[in-house]
Amino acid sequence: MRASHLGLMIVFALFVSVVFGTLMRDEPKEQLRFGAQLFTAFVVGGVALGWILYFFPL
Amino acid sequence: MRATTADREQSATYTYLICLAAWAIPGAGHLLLGRIQKGLTFLIALTLMFAFGLWLDGRLFPVEITQPLVALAALADMGIGIAFFIARGAGAGAGRVVALTYEYGNAFLIVAGLMNMLVVLDAFDTAQGRK
């Protein structure tokens, strides 16, 4: 199976955002908003961290 | 009207049954409490995440006390409830270490279990009337 690191990270972020969005908020509209914020933070944070680590190879 | 001791005991038993259901089947606790939207979301998202972890060749860790980190991972895996035991019984979750996605699979399986534990705590709070 071909797996992309970015793709798997996005799928992971999606699952976690859906669960936490639903868990932390009661109204569907708020859940969607909070979930979307979490998802964006996960993906943007992951990509940003990846680029930062690019400059510090092991 | 003050609750009698029997009422309180019945209420406590009900709360623990809700927690047991919430652990066994993700979202079942919320469904039993009438939180249909939350319950269905947890049921679909957590079950899918667990299945995705198995599909990615993740491992369902055995409880090995001699290896504390493996035992902790096993506890986290078990957080998903009955699905863990069904998957183990069906021979799934053996884990293929050489697979490119092995560690990703482990992350999906462990996090699905841990998030279901949080869902159980939320069901407990809801059953207690705190939410």
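Up top is the structure.
Keep in mind it's a predicted model, so treat the numbers as computed, not measured.

Chemist: For this particular structure, what's the right way to read the nonpolar core?
Modeler: Within soluble globular proteins, side chains that are nonpolar tend to cluster in buried spots. With 20 residues, the main nonpolar core has Val-19 of chain A together with Leu-46, Met-49 and Phe-50 of chain B as its most contacted residues. Only helix 1 (5-24) of chain A together with helix 3 (36-55), helix 5 (82-89) and helix 6 (102-127) of chain B provide two or more residues apiece to this core. When sequence neighbours within four positions are dropped, the list of residues in contact with Phe-50 of chain B reads Leu-60, Ile-80, Ala-83, Phe-84, Ala-87, Leu-109 and Ala-112 of chain B. With six residues, the next largest nonpolar core counts Phe-61, Val-70, Ala-99 and Tyr-102 of chain B among its residues.

Chemist: Would you mind showing me how to read the interface of chain B and chain A here?
Modeler: Accessible area lost upon the coming together of the parts is a frequently used measure of interface size. With 23 residues of chain B at the contact, the number on the chain A side is 16 residues. Summed over both partners, the interface of chain B with chain A comes to about 1,800 Å²; 81% of that surface belongs to carbon and sulfur atoms. The interface formed by chain B and chain A holds one salt bridge in total. One salt bridge in this structure joins Lys-38 of chain B and Asp-26 of chain A, with 3.0 Å as the shortest N-O distance. Secondary-structure elements contributing two or more residues to the side of chain B that touches chain A are helix 3 and helix 6 of chain B.

Chemist: Which parts of the structure should I look at to understand the packing of helix 1 of chain A against helix 3 of chain B?
Modeler: In helix packing, the relevant descriptors are the interaxial angle and the interaxial distance, both defined with respect to the helix axes. Packing of helix 1 of chain A against helix 3 of chain B brings their axes to within 10 Å, and their N-to-C directions diverge by 155 degrees. The orientation of helix 1 of chain A relative to helix 3 of chain B falls into the category roughly antiparallel. Viewed along their axes, helix 1 of chain A and helix 3 of chain B form a crossing whose handedness is left-handed. Here Leu-8, Val-11, Phe-12, Phe-15, Val-16, Val-18, Val-19, Thr-22 and Leu-23 of chain A of helix 1 of chain A lie close against helix 3 of chain B, whose contacting residues are Lys-38, Thr-41, Phe-42, Ala-45, Leu-46, Leu-48, Met-49 and Phe-52 of chain B.

Chemist: Looking at this structure, I do not really get the side chain of Thr-15 of chain B. What am I missing?
Modeler: Structurally, Thr-15 of chain B can be placed in helix 1 (residues 5-24). Given a relative accessible area of 1%, Thr-15 of chain B falls into the buried group.

Chemist: When you look at the side chain of Asn-106 of chain B in this model, what are you seeing that I'm missing?
Modeler: As for its position among the elements, Asn-106 of chain B is in helix 6. Beyond its immediate sequence surroundings of up to four residues, Asn-106 of chain B is in contact with Gly-58, Arg-59 and Phe-61 of chain B.

Chemist: Would you take a moment to explain the environment of Ala-71 of chain B for this structure?
Modeler: All names here are of chain B. Structurally, Ala-71 is set in helix 4 (residues 68-78). Once the C-alpha coordinates of Ala-71 and Phe-124 are considered, the two residues, 53 residues apart in sequence, prove to be 25 Å apart. In contact with Ala-71, other than residues within four places in its own chain, are Pro-62 and Glu-64.

Chemist: Whenever I open this one, the environment of Leu-8 of chain A confuses me. Can you help?
Modeler: Positionally, Leu-8 of chain A belongs in helix 1. Overall, Leu-8 of chain A belongs to the buried group, its relative accessible area being 7%. Discounting chain neighbours no more than four positions away, the residues touching Leu-8 of chain A are Ala-3 of chain A together with Phe-52, Leu-56, Thr-101, Tyr-104 and Phe-108 of chain B.

Each value, and the rule that gives it
- Residues numbered from 1 in each chain as written.
- Chains lettered and ligands numbered in written order.
- Predicted model: local features only at pLDDT ≥ 70, side-chain atom pairs only at ≥ 80, totals over all residues.
- Heavy atoms only, no water.
- Core = buried A, V, L, I, M, F, W, Y, C linked by side-chain atoms within 4.5 Å.
- Buried < 20%, exposed > 50% of the residue type's maximum accessible area, 1.4 Å probe, protein only.
- Helix = DSSP H or I, 4+ residues; strand = E, 2+ residues; numbered from the N terminus.
- Contact = heavy atoms within 4.5 Å.
- Buried area = accessible area lost by both parts, 1.4 Å probe.
- Salt bridge = Lys/Arg side-chain N within 4 Å of Asp/Glu carboxyl O.
- Axes fitted to C-alpha atoms, helices over the stretch in contact; angles between N-to-C directions.
- Parallel < 35°, antiparallel > 145°, perpendicular 65-115°, else oblique.
- Left-handed = near helix turned anticlockwise from the far one by under 90°.

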